[in-house]
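Secondary and tertiary structure notes
Below are the chains, spelled out letter by letter.
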Amino acid sequence: MFTESMRESFGRALVDMGDSNHKLVVVDADLSKSTKTEYFKSVFPDRFVDVGIAEQNLVGVSAGLAAAGMNVFASSFAVFETGRAYEIIRNSVCMGKLNVKLCSTHAGLMTGPDGATHQSIEDIAIMRVLPNMRVLVPADAIEAYQMTKYLANSDGPAYMRLVREDVENILGDDYQFELGKSKVLRDGDDISIIACGPMVSNSIKASDLLRQEGINVRVVNMSTIKPLDTSIIEDCAKNTRAILTIEDHSKIGGLGSAVCEYISEHCPIKVKKIGVPDEFGMSAKAEELYEHFNMTTDDIVDQVRILMGIDF
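The model shown is predicted, which means the values in this text are computed figures rather than measured ones.

Among the structural elements, glutamate 81 can be located in helix H5 (residues 78-83). Looking at glutamate 81, its side chain comes within polar contact range of the main-chain nitrogen of serine 76, at 3.4 Å. Excluding residues within four positions of it along the chain, glutamate 81 makes contact with Glu55, Leu58, Ala74, Ser75, Ser76, Ile89, Leu102, Cys103 and Ser104.

Structure (structure tokens):
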């Protein structure tokens with residue numbers, strides 16, 4: 001599969017939306033080369049604001065611009081934008097239902113060698129608990145572009161989570177993102193895998209390997225964590241034996257928790273979660289971290305076998 005950068009796709013989409021959306025403003029915190037908002041800056045310098053290394057100010061300025069009628073994209077690294085500015089996101093952006101789109105890069109373990117301080121594995125949890133906040137996690141660069149396009153034409157708070165490294169493109173060029181709608185990428189009636197972000201690609205590979213063993217695994221790209229596509233979750237619960245969730249995020253509070261919350265109240269079934277355990281990451285290559293935390297394609301295959309009751 002062809003690999004591409006979500007960050008590059010995000011940056012290009014902002015430029016493409018800039019001509020038709022004259023109220024679109026981009027605010028960054030001294031990381032435009034990394035977040036790729038530099039593309040927008042080069043084309044629309046009068047609608048670009050760099051607040052410096054000051055994430056609380058990043059969100060505060062963005063809230064002020066939105067209150068004045070602008071359509072604001074605020075970008076920084078995920079761990080800083082969601083963590084350092086959380087209270088301002090809560091009290092200004094979400095309470096005010098302001099038109100601020102928080103588009104964070106360098107999320108999850110894919111930040112790799114930068115270490116635990118820069119590996120945001122809590123951001124989905126703390127963003128999805130906020131009233132009025134939408135939470136989007138693209139699976140590849142194609143979906144990142146489509147999500148950015150959607151956000152540029154929608155109102156209200158939103159959080160989009162992007163990773164540092166290039167990822168495999170798994171969606172076609174004709175893909176169209178719809179808020180709250182997941183996409184079944186592999187069909188099956190044995191086990192359902194519900195995944196988000198770069199883990200979707202690993203889940204597809206695991207499904208293809210398991211099919212060779214006669215195990216038919218459904219793979220769902222749950223790219224909108226909030227609002228959640230509960231209809232597909234219910235269908236998975238009713239028409240497969242169990243559900244396996246996988247995400248480049250803590251097992252606590254993320255996609256897996258969201259799925260379990262719905263399942264427990266509406267259609268109880270066994271759910272197994274793959275993700276980062278209750279601990280911080282460490283400095284290493286992303287592939288090494290996935291292996292350390294048992295999040296590889298082989299680990300997905302093994303967990304499906306366990307759910308199927310197969311000895312191996």
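Let's pick the thread back up.
With that out of the way, let us pick up a negative patch on the surface. Residues Glu287, Glu288, Glu291 and Asp298 make up a contiguous surface patch of negative charge. Considering every element that reaches the negative patch, the biggest residue donor is helix H12 (residues 286-292), with three residues. Its location among the elements puts glutamate 291 in helix H12.

Here we take up the packing of aromatic side chains. In the structure shown here, the tally under the stated rule is three aromatic pairs. Both rings, one in phenylalanine 40 and one in phenylalanine 44, keep their centres 4.9 Å apart while their planes meet at 40°; by these two values the pair is tilted. The buried category is assigned to phenylalanine 40, whose relative accessible area is 0%. For phenylalanine 44, a relative accessible area of 10% gives the class buried. Between phenylalanine 77 and phenylalanine 80, the aromatic rings sit 6.3 Å apart at their centres with planes inclined by 15°, giving stacked as the arrangement. No difference in accessibility class separates phenylalanine 77 from phenylalanine 80, as the two residues are buried. Lying over the aromatic face of phenylalanine 44, arginine 47 brings its terminal NZ or CZ to 4.5 Å of the ring centre.

Once the domains are mapped, the protein chain shows domain 1 (3-168) and domain 2 (183-308). A C-alpha centroid distance of 26 Å is found between domain 1 and domain 2. Taken together, the contact pairs 32 residues of domain 1 with 35 residues of domain 2. Here domain 1 packs against domain 2, burying approximately 2300 Å² in sum over the two surfaces, 57% of which is carbon and sulfur. Summed over the shared surface of domain 1 and domain 2, the number is two salt bridges. Glutamate 168 is paired through a salt bridge with lysine 205; the nearest N and O atoms lie 3.3 Å apart. Taken together, the links from domain 1 to domain 2 amount to 20 residue pairs in polar contact (both at pLDDT 80 or more).

A word on the UniProt feature "domain: Transketolase-like pyrimidine-binding" (unreviewed entry) in the protein chain. UniProt records the feature "domain: Transketolase-like pyrimidine-binding" (unreviewed entry) for residues 4-170 in the present numbering. Between the C-alpha atoms that bound residues 4-170 the distance is 10 Å, and the span itself is 41% helix and 19% strand.

A complete count under the given rule lists 15 salt bridges for this structure. Arginine 218 is the salt-bridge partner of aspartate 235, the closest N and O atoms lying 2.6 Å from each other. Taken together, the positions of aspartate 235 in helix H10 (residues 230-239) and arginine 218 in strand S11 (residues 217-221) put the pair 17 residues apart, joining distant regions of the chain. Taking the relative accessible area as the measure of exposure, aspartate 235 reaches 31% and is therefore partly exposed.

A few words now on unusual backbone geometry. Here the amide bond leading from lysine 226 into proline 227 is cis, since omega sits at 0°, within 30 degrees of zero. Position of proline 227 relative to the elements: it lies in the loop between strand S12 (224-226) and H10. Positive phi values are uncommon outside glycine, yet aspartate 30 reaches one of about 65°. The topology assignment puts aspartate 30 in the loop between strand S2 (24-28) and helix H2 (32-35). Overall, the relative accessible area of 43% leaves aspartate 30 in the partly exposed class. Even without being glycine, lysine 97 reaches a positive phi, approximately 50°. Residue position: lysine 97 is located in the loop between helix H6 (86-94) and strand S5 (100-105).

Quick notes on the rules
Residues numbered from 1 in each chain as written. Predicted model: local features only at pLDDT ≥ 70, side-chain atom pairs only at ≥ 80, totals over all residues. Heavy atoms only, no water. Helix = DSSP H or I, 4+ residues; strand = E, 2+ residues; numbered from the N terminus. Polar contact = N/O pair within 3.5 Å; in protein donor to acceptor, adjacent residues only side chain to side chain. Contact = heavy atoms within 4.5 Å. Patch = residues over 30% accessible without salt bridge, like charges linked within 9 Å, V, L, I, M, F, W, Y side chains within 5 Å. Areas by Shrake-Rupley, 256 points an atom, 1.4 Å probe, with all protein chains shown as cover. Salt bridge = Lys/Arg side-chain N within 4 Å of Asp/Glu carboxyl O. Lys, Arg positive; Asp, Glu negative; His and termini not counted. Charge placed at Lys NZ, Arg CZ, Asp CG, Glu CD. Phe/Tyr/Trp six-rings, centres within 6.5 Å; stacked < 30°, edge-to-face > 60°. Buried < 20%, exposed > 50% of the residue type's maximum accessible area, 1.4 Å probe, protein only. Lys NZ or Arg CZ within 6 Å of the ring centre and 35° of its normal. Domains from an automatic or database assignment. Buried area = accessible area lost by both parts, 1.4 Å probe. UniProt positions renumbered as here; feature names shortened; annotations may be inferred.

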